[in-house]
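# Examining the three-dimensional arrangement
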Amino acid sequence: MSFHIYFSPEADNDMAVLERYIRDELKSPYTASQYMTDLEDVIQTLSINAGIISSNKYVRAKFGDDARRIIFKKMDIIFTIEDDIVYIKRIIPGSLVY
């Protein structure tokens with residue numbers, strides 16, 4: 001099954017904040033660009049494999065019964081699946097999930 005990927009406004013904002021932080025605060029524009037490209041590549045893999053990713057009790061308790069997550073470096077990508085849509089809810093530091 002193939003899924004379409006949609007981003008919540010919060011997830012879009014999370015990505016923008018993350019990119020600005022790396023680019024401006026860490027003063028690494030190249031790293032910011034590469035990091036965001038890699039992050040987007042990982043998110044795109046959900047169009048194929050989202051259905052095989054399981055959830056855990058804590059993620060469901062914090063983000064909803066149907067919430068799942070994948071980890072990219074130190075970030076957690078929180079998403080749900082509805083029919084053929086993967087809805088990216090948040091992209092947050094993994095330390096905020098536990």
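Parameters and conventions
Residues numbered from 1 in each chain as written. Predicted model: local features only at pLDDT ≥ 70, side-chain atom pairs only at ≥ 80, totals over all residues. Heavy atoms only, no water. Helix = DSSP H or I, 4+ residues; strand = E, 2+ residues; numbered from the N terminus. Buried < 20%, exposed > 50% of the residue type's maximum accessible area, 1.4 Å probe, protein only. Pairing = 2+ DSSP bridges. Axes fitted to C-alpha atoms, helices over the stretch in contact; angles between N-to-C directions. Contact = heavy atoms within 4.5 Å.

### Digging into the environment of Ile 52
Structurally, Ile 52 can be placed in the loop between helix H2 (29–49) and helix H3 (57–63). Its relative accessible area of 72% is what places Ile 52 among the exposed residues. C-alpha separation for the pair Ile 52 and Ile 81, spaced 29 residues apart in sequence, amounts to 11 Å.

### Here's the deal with the sheet that holds strand S2 (residues 68–72)
Reading across the sheet, the 4 strands line up as S1-S4-S3-S2 and stay open at both edges, with mixed pairing between neighbours. Because the sheet does not close on itself, it has two edges, and the strands there are strand S1 (4–7) and S2. Neighbouring strand axes in the sheet, compared pairwise and without regard to direction, differ in orientation by 30 degrees on average. Pairing between S2 and strand S3 (residues 75–82): 5 bridges, direction antiparallel. Residue pairing across strands places Arg 69 opposite Ile 78, the latter belonging to S3. Those strands touched by helix H1 (residues 9–25) are S1, S3 and strand S4 (85–93), and its axis lies near 40 degrees from that of S4. Relative to S2, H2 is tilted by about 145 degrees, and along the sheet it contacts S1, S2, S3 and S4.

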